[in-house]
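Now for the letters of each chain:
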Amino acid sequence: VDFLPLPLSFLERGYLLARRHSEQGEDGKAESGQSHSLSLFLELEGLGRLQIDCLHQNEGLYLRFSCRDQEVASFLGAAEDELRQGLEGTALLGASFTVGAEDPDQALIQRLIPAETHLLDARA
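Computed from a predicted structure; not experimentally measured.

Along the protein, the regular secondary structure elements total three helices and six strands. Along the chain direction, N to C, the helices and strands of the protein fall in the order β-β-β-β-β-α-α-β-α. Going through the 124 residues of the protein one by one, you find that 31% of them count as buried. Within the protein, contacts between residues separated by at least 24 positions form 46% of all contacts whose residues are at least 6 apart in sequence. Entry remark: accessible area of the protein is about 8600 Å², with carbon and sulfur atoms responsible for 51%.

With respect to the helices, strands and loops of the structure, L44 is situated in strand β3 (residues 30–44). Between the C-alpha atom of L44 and that of G14, which follows or precedes it by 30 residues, the distance is 8.5 Å. L44 has contacts with F10, L11, E12 and L50, leaving out every residue within four places of it along the chain.

Attention shifts here to the pattern of salt bridges. What the rule picks out here adds up to seven salt bridges. D103 is the partner of R13 in a salt bridge, and the nearest nitrogen-oxygen pair spans 3.2 Å. With R13 in strand β2 (residues 11–24) and D103 in the loop between β6 (92–99) and α3 (104–112), this residue pair connects regions lying 90 residues apart in the sequence. On the basis of relative accessibility, which here comes to 25%, the residue R13 falls in the partly exposed class. Put simply, R13, E43, R49, D103 and D105 are held in one network by salt bridges that share partners.

Residues V72, A73 and L76 constitute the buried set of helix α1 (residues 70–77). All buried residues of α1 project into a common sector of 100 degrees when viewed along the axis, lining one side. Facing away from the buried surface of α1 by more than 90 degrees, the exposed residues are E71 and F75. Its buried side turned inward, α1 meets β4 (48–57), β5 (60–67), α2 (80–86) and β6. For α1, the side-chain oxygen to backbone nitrogen distance between the N-cap and E71 is 3.3 Å, and the N-cap itself is D69.

Evaluated as defined, the whole model comprises three aromatic pairs. For the ring pair F3 and Y15, a centre distance of 5.5 Å and an interplane angle of 45 degrees mean the geometry is tilted. Of this pair, F3 sits in strand β1 (residues 2–5) while Y15 sits in strand β2, placing them 12 residues apart in sequence. Take F3: its relative accessible area is 43%, and that puts it in the partly exposed class. Between F65 and F97, the aromatic rings sit 4.9 Å apart at their centres with planes inclined by 10 degrees, giving stacked as the arrangement.

This part takes up α3. Looking at α3, one finds that the buried residues are P104, A107 and L108. On an axial view of α3, the arc spanned by its buried residues comes to 100 degrees, and they lie on one face.

Parameters and conventions
Residues numbered from 1 in each chain as written. Predicted model: local features only at pLDDT ≥ 70, side-chain atom pairs only at ≥ 80, totals over all residues. Heavy atoms only, no water. Helix = DSSP H or I, 4+ residues; strand = E, 2+ residues; numbered from the N terminus. Buried < 20%, exposed > 50% of the residue type's maximum accessible area, 1.4 Å probe, protein only. Contact = heavy atoms within 4.5 Å. Areas by Shrake-Rupley, 256 points an atom, 1.4 Å probe, with all protein chains shown as cover. Salt bridge = Lys/Arg side-chain N within 4 Å of Asp/Glu carboxyl O. Arc of directions from axis to C-beta. Polar contact = N/O pair within 3.5 Å; in protein donor to acceptor, adjacent residues only side chain to side chain. Phe/Tyr/Trp six-rings, centres within 6.5 Å; stacked < 30°, edge-to-face > 60°.

Here's what the structure looks like:
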């Protein structure tokens, strides 16, 4: 997993996690194709928490937008046609707009620290 902070002026908080996955065939052996996934964890002034998961495979791109609430999910879903037009060179195979974006800080901590590890704040 590669981590890239996003110090952009319109973001309150934000970072990108990138992963490369080897494709495996039915026999369990690695195939020549690879897929790539990107996860953007953002906190925007107007939209609040937003998590965008992107999976790019040889056939095209899948996107999942997890938003702070249904109002934001509906707003972004209404712009799906514009999104498809903006991705001219890439086939958008699927896009979903849901509720339940994770807090960017908590999501990062969960991905960096294994589940078996516990932290104790002893600064009291």
